[in-house]
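# Structural overview
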Amino acid sequence: MHTAKRVNQLPPYLFLALDQLVQKKRAEGHDIINLGIGDPDMPSAPAAVGALKRTVEDAITHRYPESLGSRRFRQAVADRYRDRFNVHLDRDSQVVALIGSKEGLAHLTWAYAEPGDLVLVPDPAYPVYAAQAEFAGATVYRLPLTQENHFLPNLAALDPAILSQAKLLWVNYPNNPTGAVAPRAFYEEAVSICRQYDILLCSDLAYADIGFEGYRPESVLSIPGADEVAIEFYSLSKSFNMTGWRVAAAVGRRSAVHALGQVKSHLDSGPFTVVQEAAVAVLQEDPDSFIRGLNTIYEKRRNLAVREIRAMGLLGEIPQSTFYLWFRTPSGMSSGQAASFFIEKADVALTPGSAYGAQGEGWLRLSLTVPFVTLDDALARMRQALLRHD
Ligand SMILES: *Cc1c(COP(=O)(O)O)cnc(C)c1O
């Protein structure tokens, strides 16, 4: 029996393919250091584990959860937005719980995109935005992010005919894979253009709390009037080392939160109540002190990687946020060739930039989610492999 065309047309999920290559090399006896995957290496915030232990024995938590999120969860997210971003959200109409933001990004697309619509997606970008738009039968229109434009799409240069056909605009700052951050002026421009052309502005704030040298990411919802045009995805995954727990929220524009909730009500029953309680605990028990500790560790790793990649002559920009370093391939190598070179000659796995879109060609992404000594070892191996190569 044939699978549906939409499945046949999908590219292999990038991280799955990378993981399989790493497994294969390891099975052959190679000691591979994997800097390819953006998954925090450190334990989850202790408040989450404590809350899980306290609540999991209570059988009431074993039943179907309230599918749009418990009142306590939605209130905790609203309180977090108030304290962290000075953004005021109505718990009941502006917050919906998600089984991780990846789930939410996907289902939001299904709530809006249909054949004939354009979905504006940055290039390079997290692969889910484009894959889901194509799944839903819409057309993806790519917005190039380049070092020259500080990895921000040039919205002012977009053809009004394109903007008129667009249904969704995806923005993701702090940005995966480039590590770029958005100045307030960019959000102001995006809000104004989306209002003018009736486009839903979709902000993926997965790295909401990661920042170096005092930098703190902003929410697009802090722009006056943004909650009439924007929906934002706030995840506990990266902020609190909770990628495995699958919990996040979509917040902002009421009609979009409602539409996403409608799609979800036909698909899932919300995050496990115990996990929602864990999220409440994390958001209420001094989240910023946990985040300060996390940022101190990532900043040390970032500084090391920046120094070494610069010494190799490959540095692009110094990231102020995320746990990625986006850097140039060694001269003459494509992204794919460079990723193969480093895995074959240095036993270091990196992500080829081209996997995030055509504009990522000529770039590599390195993830800072390994201990300092491991990172140091990986960078030394990369440097030696390059010396042998020259
Ligand atoms: C990690 C990541 C996500 C996924 O977050 P979950 O809440 O764990 O699903 C979404 N967007 C970007 C850009 C990411 O890097």
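Residues numbered from 1 in each chain as written. Predicted model: local features only at pLDDT ≥ 70, side-chain atom pairs only at ≥ 80, totals over all residues. Heavy atoms only, no water.

## Quick look at the state of the cysteines
Test applied: By convention in this document, the label disulfide applies to cysteine sulfur atom pairs within 2.5 Å. Throughout this description, buried means an accessible area under 20% of the type-specific maximum (1.4 Å probe, protein chains only), exposed means over 50%, and partly exposed covers the range between.
All chains considered together, the criterion is met by zero disulfides. Between C194, a cysteine without a disulfide, and C202, which holds the nearest cysteine sulfur, the sulfur-to-sulfur distance is 8.2 Å. The exposure class of C202 is buried, given its relative accessible area of 0%.

## Comments concerning the site of the ligand
Basically, it comes down to this: We call a residue near a molecule or strand when any one of its heavy atoms sits within 4 Å of it. Think of a polar contact as two N or O atoms within 3.5 Å of one another; within protein, one of them needs to be a possible hydrogen donor and the other a possible acceptor, and neighboring residues in sequence only count if both atoms come from side chains. Each accessible area is a Shrake-Rupley estimate made with a 1.4 Å probe; only the visible protein chains count as cover when residues are assessed. Helix numbering and strand numbering both begin at the N terminus, where a helix is a DSSP run of H or I of at least 4 residues and a strand a DSSP run of E of at least 2. Throughout, the ten residues Ala, Val, Leu, Ile, Met, Phe, Trp, Tyr, Cys and Pro are labelled nonpolar, Asp, Glu, Lys and Arg are labelled charged, and all others, Gly among them, are labelled polar.
Of all residues adjacent to the ligand, which total 14 residues, the nearest are D204, Y207, S235, S237 and K238. Between the ligand and K102 there is a distance of 2.8 Å, counted from an oxygen atom to a backbone nitrogen or oxygen. Within the side chain of S235, an N or O atom sits 2.6 Å from an oxygen atom of the ligand. Within the complex, the protein chains bury 94% of what would otherwise be the 390 Å² of accessible surface of the ligand. Counting residues per element, the ones that place at least two in the shell around the ligand are α5 (101-112) and α9 (236-239). Residues belonging to the shell around the ligand are distributed by class as follows: four nonpolar, six polar and four charged.

## A look at the domain arrangement of the chain
We count it as follows: Boundaries between domains were set according to an automatic or database domain assignment. Buried area counts how much accessible surface, traced with a 1.4 Å probe, disappears from two parts once they are put together, with both parts' losses summed. The salt bridge definition used is simple: a Lys or Arg side-chain nitrogen within 4 Å of an Asp or Glu carboxyl oxygen.
The domain architecture assigned to the chain consists of domain 1 (5-44 + 288-385) and domain 2 (47-286). Computed over C-alpha atoms only, the centres of domain 1 and domain 2 are separated by 25 Å. Between domain 1 and domain 2, roughly 3,500 Å² of surface is buried when both sides are summed, and carbon and sulfur atoms account for 56% of that area. The three residues of domain 1 that bury the most area against domain 2 are S44, Q320 and Y356, which together make up 17% of that side's buried surface. If you look at where domain 1 meets domain 2, you find three salt bridges. Counting across the interface, domain 1 meets domain 2 through 22 residue pairs in polar contact (both at pLDDT 80 or more). Looking at the side of domain 1 that touches domain 2, the elements that each hand over two or more residues are α12 (287-311), β9 (324-328) and β12 (363-367). Of all the elements, α12 adds the most residues to the side of domain 1 that touches domain 2, at nine residues.

## Description of α12
So the rule is basically this: The span expected for a helix works out to 1.5 Å for each residue beyond the first. Residues are treated as being in contact if the distance between any of their heavy atoms lies within 4.5 Å.
When the terminal C-alpha atoms of α12 are compared, their 36 Å separation across 25 residues agrees well with the 36 Å that a helix rising 1.5 Å per residue should span. Residues of α12 that are buried: P287, I291, L294, N295, Y298, R301, R302, L304, A305, V306, E308 and I309. Buried residues along α12 sit against α4 (71-85), α9, α11 (273-284), β9, β12 and α14 (372-389). Immediately downstream of α12, the backbone of G313 shows phi near 80 degrees, a positive value.

## Details of the sheet that holds β12
Applicable threshold: Only strands joined by at least two bridges in the DSSP assignment are considered to pair. Only the stretch in contact is used when fitting a helix axis, every axis being a line fitted to C-alpha atoms; angles between N-to-C directions are given from 0 to 180 degrees.
Taken together, three strands build an open sheet; the order of strands is β9-β12-β11 and the sheet is antiparallel. Edge positions in the sheet fall to β9 and β11 (351-352), since each has one partner strand and no second. Sheet topology note: the β9/β12 ladder contains five bridges and is antiparallel. Considered in β12, the bridge of W326 is made with R365. On top of the sheet, α12 reaches β9 and β12; it is set at about 5 degrees to β9, its chief contact. Against the sheet, helix α13 (residues 335-346) makes contact with β11 and β12, and its axis sits at roughly 45 degrees relative to β12, the strand it touches most.

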